[in-house]
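Read off the chains here:
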Amino acid sequence: MTSLGPYASFIVTSYALVAAVVLILISWIALDYRQQKERLRELEASGITRRSGRQATDIR
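Provide a residue-level description of the overall build of the protein chain, including the pertinent values.
For the protein chain, the count of helices and strands is one helix and zero strands. Counting the 60 residues in the protein chain, one finds 2% classified as buried. Carbon and sulfur atoms make up 63% of the accessible area of the protein chain, which totals about 5,900 Å².

And the structure:
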């Protein structure tokens, strides 16, 4: 760590905090994705469909 100079602790701490924030964001996105997919399954099961799932001939 001495090769980083007198600011080694600041640099290491900064990188560790950035890594933690990135991991938290990745986890948050993964959890939200699962929740959205589950909500979409619930909506489709209740009869609500996505517009993107229809054919052009289905639109009146």
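Give a description of the pattern of salt bridges that names residues and reports values.
Using the criterion set out here, one finds two salt bridges in the structure. The residue arginine 41 makes a salt bridge to glutamate 38 at a minimum N-O spacing of 2.6 Å. In this pair, arginine 41 and glutamate 38 are both assigned in helix H1 (residues 8-45), three residues apart and thus about one turn of the helix distant. Assessed through its relative accessible area of 48%, arginine 41 is described here as partly exposed. Residue classification places glutamate 38 among the partly exposed positions, given a relative accessible area of 35%. A salt bridge links glutamate 42 to arginine 39, with the shortest nitrogen-to-oxygen separation between them at 3.7 Å. With glutamate 42 and arginine 39 both in helix H1, this residue pair falls three residues apart, about one helical turn. Owing to a relative accessible area of 44%, arginine 39 belongs among the partly exposed residues under this scheme.

Any details on H1? Residues and values, ideally.
Helix length check: H1 (38 residues) gives 56 Å between terminal C-alpha atoms against 56 Å at 1.5 Å per residue, within 8%. Trailing H1 by a residue or two, glycine 47 shows a phi angle of about 105°, which is positive.

Pulling in residues and values, what's your account of a nonpolar patch on the surface?
A cluster of nonpolar side chains, Val18, Val22, Leu23 and Ile26, forms an exposed patch at the surface whose accessible area comes to about 370 Å². Relative to the helices and strands, valine 22 is located in helix H1.

What counts, and where the lines are drawn
Residues numbered from 1 in each chain as written. Predicted model: local features only at pLDDT ≥ 70, side-chain atom pairs only at ≥ 80, totals over all residues. Heavy atoms only, no water. Helix = DSSP H or I, 4+ residues; strand = E, 2+ residues; numbered from the N terminus. Buried < 20%, exposed > 50% of the residue type's maximum accessible area, 1.4 Å probe, protein only. Areas by Shrake-Rupley, 256 points an atom, 1.4 Å probe, with all protein chains shown as cover. Salt bridge = Lys/Arg side-chain N within 4 Å of Asp/Glu carboxyl O. Expected span 1.5 Å × (residues − 1). Patch = residues over 30% accessible without salt bridge, like charges linked within 9 Å, V, L, I, M, F, W, Y side chains within 5 Å.

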